[in-house]
Amino acid sequence: WLSPRGCGCPMRAAAKTLAHAFTSSRWVAKRSQRVHNIVRATSSTTAPSPLLRRNPRERPADGPTYSLDLDSARVAQLRFLAFHGCGTRYTVLYRECDKADEQPKGGVGRRGRNRAAKEVSDDVGFDAGELESTGEGDGPGWRVRLANSQEITLNALKEMTPRDMALAALFDDDFGDARLYRRGEESWTASTAAPKWPEELLASLDEQGAGVHGANAVTCVDGSYFLELMELSAFPTPVIFPHGAWRLPGVGPTVQGNFRNLASAANGVDAIDALSALVNNGAGPEANGRLTGELPGRGRIQLGVDGGRAGVGSAYAAVTENEVTVTFAEGSLGLGFAPLDWERQFGAQVWDVDDDSAAAEAGVVPGMVFTHIRGESVEGWTFSEIDGEFDGPRPLEVKFNTKMPGAERLYAVEMIAEEVTEALLRRKDPEMETFDFEEPGAVFEESTAAVIWREEPSTIFFGDAGSTTVVHHDIIGQVELCHVLSGSKLLAAAPWGKSSEELLRKAGARGLLSGGKDDGEAEEGGVLSAPVHRPLTPDEIALLKHDDLAVVLARPGDCVAFSSICAHFATNGANEPCAAVFHGILTPASTHVLASHPERLDPFSDEEIDEDGFDGHLTGRAVLEELIPAGKDVITDYSAVDKIDSAMVKESGEKGWRMNRKMRGKAGDAAVKQRFAEAVLKMDSARDVSKAPKTWTGASRTVFYVEPVIK
């Protein structure tokens, strides 16, 4: 079963190169000012560990910053950027300064502390590096490895446990009621979202409330570093940015300029609610969208008409009563049908309808189910009993219905986010006069030249509690961003290559393997997912215990980025419906990964293109041949962004969102620029689709300022 987008959305939008989109330098300053007071109103100096003193954030997007004494005269400061699922490695900014420089220069009180943090940052630059557990001595032990090759042992933190360090990196109490959820609350734990999953996996996800499992899964806690990852990473494993959809303005979508307005509109909305609003209060039955559901004996299947042009009208019909009666005379029936429950061979469902047949004239369409024959309900009938009735005397009266009986855990996917949001709001307020929807990813136009393509329009998914997607990869491998609006979502991915291939094989998705045609296509409904509403089978447990699998638990306001070329799957939490907005981007590093999978560049057969409506879908080949700019232009624009950021600081006094040399240090800045230049070279090689490049080993990196430690 090849899904155009299992956890994301198909790339339908026209190409939009962002190379020259950096025109409004005031944008970032305006957005940042709007959210300043979120942290200033609730700032405190309480730290998760007595070994650290917390410094107030300047902006919500900034990572937590702490001070620690080195000796009587010197102090060190750590700003957390990210940490890895192993719990022993953190990406940080580090600096040392005299204690006098750390003291407030603007007086006492909250405002003085904020001015002090800013003045120290201006006076003494940071250096980028990795904070790592050494496990030496009586305690865990910690050291900082910096991009300038310095290694500094932090004796002051030798008693600090990995748990305490993780709590320091995740600190978010200063956000107060701006948060859409609070870590540690029972309703937002993995144990609540997936009560039937293996206990050790749930414990890993719930540890410190981080919501990550897997040594290489990354939790980003700083907005500027999140943008840095867009420039440097190919996302071989998922990256979760807690509260990121609203902490970093322009990353997540908004309604009337506020992410919370959109989240509120989606709260509590399940799959049928979303389809109903779109069909009856919005764009109508021709709007984009699909619906999947679970059927006894069939597994997860698509409901409604299949194909590249299927609209939400067909999906909505599959969950809505619509009865059609046909009287079949002697002769050909003009329709084909198959068992509704393949496993037990019960019931019957229409698969094909001939043009000009009595069934077609009566309104029978593929997907309808048999409900009555000769006035008698066929509930409980075997397929053979239904089929045998057509060998009996004619005329034969048969009733069909569009509603699929027994469909559970519905998942409405790939609907246009703006259309559904407006429909939901207009259903509540038919007289609504203004509706202002801002697409996610706008910050990429202002703050990074690494995003060479951004998907518009974004799509929105509404899943019933416990709904799932099966293990799959997307048609076009891109960096997918997921912004959770309501409920909780568990997303898992295996790194591309052998690990992804093995996960697909375990799930039964043989048709998606690089040599899938030799193994045969899996039947619809036969590919595994990871349910949360019932005990798991041994095969499903094997998926969750797959080597190198990374799992993240995303909650309202969280942003997750992952490579959709990886084998991945998603499960919505068991306790309530989940809504999320998806959109994709292409970067130099991710473009190379796409090109290194040549077998996926032309995913549709001639029959699918000619007959099934997939002629309008963008393919990997079209992306590489038509949408990728020349590397020299990307490098030029990348350099221009730095100049714009500098000009913005001089003009408005507000810092941009991108990291700069003052933050990374000279060596860290050089490492970043070298990495980006290398990624652009790999992108250039990927533009020639006639030569499939070998997979770039550097694409798998998750650490960028220093060389990773090989253990």
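For the structure itself, look to the data block above.
Residues numbered from 1 in each chain as written. Predicted model: local features only at pLDDT ≥ 70, side-chain atom pairs only at ≥ 80, totals over all residues. Heavy atoms only, no water.

Peer 1: Honestly, the packing of aromatic side chains in this entry has me stumped. Any pointers?
Peer 2: Per the stated rule, a full pass over the model turns up 20 aromatic pairs. Judged by centre distance (5.4 Å) and plane angle (40°), the ring pair of F83 and Y90 falls under tilted. There is no split in this pair, since F83 and Y90 are both buried. These aromatic residues form a ring-pair network of at least three members: F328, F337, F370, F383, F390 and F400. Taking the ring centre of W342 as reference, the NZ or CZ of R298 above it sits at 4.5 Å. When the ring centre of F346 is taken as reference, the NZ or CZ atom of R344 above it lies at 4.8 Å. (Phe/Tyr/Trp six-rings, centres within 6.5 Å; stacked < 30°, edge-to-face > 60°. Buried < 20%, exposed > 50% of the residue type's maximum accessible area, 1.4 Å probe, protein only. Lys NZ or Arg CZ within 6 Å of the ring centre and 35° of its normal.)

Peer 1: What's the story with a negative patch on the surface in this structure? I'm lost.
Peer 2: A contiguous patch of negative charge, built from D352, D354, D355, D356 and E361, is present on the exposed surface. Within the element layout of this structure, E361 appears in helix α12 (residues 358-362). The exposure class assigned to E361 is exposed, which follows from its relative accessible area of 65%. (Patch = residues over 30% accessible without salt bridge, like charges linked within 9 Å, V, L, I, M, F, W, Y side chains within 5 Å. Areas by Shrake-Rupley, 256 points an atom, 1.4 Å probe, with all protein chains shown as cover. Salt bridge = Lys/Arg side-chain N within 4 Å of Asp/Glu carboxyl O. Lys, Arg positive; Asp, Glu negative; His and termini not counted. Charge placed at Lys NZ, Arg CZ, Asp CG, Glu CD. Helix = DSSP H or I, 4+ residues; strand = E, 2+ residues; numbered from the N terminus.)

Peer 1: For this particular structure, what's the right way to read the sheet that holds strand β25 (residues 489-494)?
Peer 2: Consider a sheet: its strands pair through backbone hydrogen bonds, and that pairing is either parallel or antiparallel. Sheet architecture is open: four strands sit in the order β8-β26-β25-β28, paired in antiparallel fashion. Strand pairing shows two members of the sheet lacking a second neighbour, β8 (212-213) and β28 (567-572), which therefore form its edges. Lying over the sheet, helix α16 (residues 498-507) contacts β25 and β28, oriented at roughly 55° with respect to β28. (Pairing = 2+ DSSP bridges. Contact = heavy atoms within 4.5 Å. Axes fitted to C-alpha atoms, helices over the stretch in contact; angles between N-to-C directions.)

Peer 1: Would you explain helix α4 (residues 162-170) in this entry?
Peer 2: Those residues of α4 not exposed but buried are M165, A166, A168, A169 and L170. As for α4, its buried residues are in contact with β2 (65-69), β3 (74-84), β4 (89-98), β5 (127-133), β6 (142-146) and β9 (218-220).

Peer 1: What am I meant to see in unusual backbone geometry here?
Peer 2: In terms of backbone geometry, most residues other than glycine have negative phi values and most peptide bonds are trans. Residue P395 is reached from R394 by a cis peptide bond, and omega for that bond is 0°. Within the secondary structure, P395 is located in the loop between α13 (383-389) and β19 (396-401). Located in the positive-phi region is F235, a residue other than glycine, with phi close to 55°. Its location among the elements puts F235 in the loop between α7 (223-232) and β10 (239-241). Owing to a relative accessible area of 1%, F235 belongs among the buried residues under this scheme. Positive phi values are uncommon outside glycine, yet Q345 reaches one of about 60°. Assignment of secondary structure puts Q345 in the loop between β15 (335-338) and β16 (349-353). Relative accessible area serves as the criterion here: at 38%, Q345 is assigned to the partly exposed category.

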